[in-house]
Every structure is written in structure tokens, then in C-alpha cells.
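Residue-level structural notes
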Amino acid sequence: MQDQAERPDRGRGRDLLTGAQALSGQLGKTIQRLRKAYNLSLSELAEQSGVAKSIISQIERNETNPTLATIWRLSQALDVSIERVLAAGDEEPFIEKTSRADTPILVSEDGKVRLAIIGWLKTIEWLQWYEVTADLGGVLDSDPHQRGSVESLSVAEGAFEVEIGGSVQRARAGETLRYRCDRPHLIRCTDGPARATMVVIMKAAVME
């Protein structure tokens, strides 16, 4: 296991847990590398994480789209933050190009909302941004992010509504919704197919 001084804060990954799914070309390799670094067999990791051995094997071979809840359980068992599990290699070029096929995708539980992670994974602790596409009726139900966090949803096509604290606001193409996301919040597609850009600012000073 990592030394305590080098060990990432495992709680940081909770902000990504919204009943979504993730797909990354590096995910399977990262899980396998960490498992072997800790000298764990598939069976041992399955026992420690509560994730079936067959599922872990499929993840390592990049043959399945694991839910973020599954990735969270694996990150807990491997004693690393979820953003490290999702991140690519440590050495990144100053200028880089990411293909559509290599862009990690989060998918809502109902399968109707998709978030392409177009932001830099290295900034995920304080700044996240996504390309959102959704089918009519799709719902993304999110747990609270860190205190003071702000989310911005800029609609490019169709329409979305955001429900938070019993209040509902709607936005169509050309409109933007900004709201505190440090409490449970829900995004619903009310006119689809729809497309938007979502930016999440963690620990936003403006909300303090």
C-alpha cells in the first residue's frame, strides 16, 4: 500500500458518485496495475471490494462499462482516490489531443443522460466540465458535492430542468442555469434529444 504521506484522500472521489457509469481506455489497465502492485489476486480484490471476480476481470480487459459505484468500491479496496483510478498516466504533454473514443463517458442509471468528461482529469478536485447529451425524460440524480460548490449548465439544444431544494428552474437552447450543487440536485431532460455543457466549480469562494 502507499505510504500515508502519498495516499490520496479517498473522500475526494465522492463528488463523481451519481449513479453513473464510466468508460476510459486507461481504466482497466489502471485497476490491473494497482491490483498487481498490491499483490492481490482477482479473488482477493473481489472479497475486499464486494465486486464480483468476473466483473473485475471484465473491467481489466475493458470489456464492460462499470458503474461509478463499482469503481468507488474498487478504489476503496485499493486505497486510492477515484480520480486517480480514472486518470491517465502521470506524464501528460503540455498540449494534448483526445479522441472521442478515448473520452471517458458517464451514463445515468436510466441510460438516457450521458456526460463526456471533456475537462482535464488532473483538475477534477476543483474544476470539472462535461458535454451533456440526453434523451427526452432522462434524469441525472446527483448527491451533494463539496460545500460551496457551484454547477453551471449551458443548454445548446433541447431543454433541461434542474430541481434543487424543492425549487425547479428550466432552460432552453441559449440559456444557462447556475446553482449550488452542495446539496442533492436533479437534472431532467424536458425536450430531447438535448445537449449542454456542464461546468462544476468545487469549493466556490463566491458561495461562502
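In the annotation of an unreviewed UniProt entry, the entry for the chain reads XRE family transcriptional regulator, and the organism field reads Methylobacterium oryzae CBMB20.

Of all hydrophobic cores here, the largest spans 26 residues; its most connected members are Leu115, Tyr130, Val132, Leu153, Phe160, Ile187 and Met198. Among the secondary structure elements, those contributing two or more residues to this core are strand 2 (113-117), strand 3 (127-134), strand 5 (150-164), strand 7 (176-180) and strand 8 (185-201). Here the element with the most residues in this core is strand 8; it accounts for six residues. In contact with Met198, not counting residues within four places along its chain, are Leu115, Gln128, Trp129, Tyr130, Val132, Leu140, Glu151, Ser152, Leu153 and Ile187. Residues Ile31, Leu42, Val51 and Ile56 belong to the second largest nonpolar core, which totals 16 residues.

Another point: the environment of Ala116. Examined against the element boundaries, Ala116 turns out to sit in strand 2. Filtering out sequence-adjacent residues up to four positions away, Ala116 remains in contact with Thr103, Pro104, Ile105, Trp129, Tyr130 and Glu131.

Rules and cut-offs
- Residues numbered from 1 in each chain as written.
- Predicted model: local features only at pLDDT ≥ 70, side-chain atom pairs only at ≥ 80, totals over all residues.
- Heavy atoms only, no water.
- Core = buried A, V, L, I, M, F, W, Y, C linked by side-chain atoms within 4.5 Å.
- Buried < 20%, exposed > 50% of the residue type's maximum accessible area, 1.4 Å probe, protein only.
- Helix = DSSP H or I, 4+ residues; strand = E, 2+ residues; numbered from the N terminus.
- Contact = heavy atoms within 4.5 Å.

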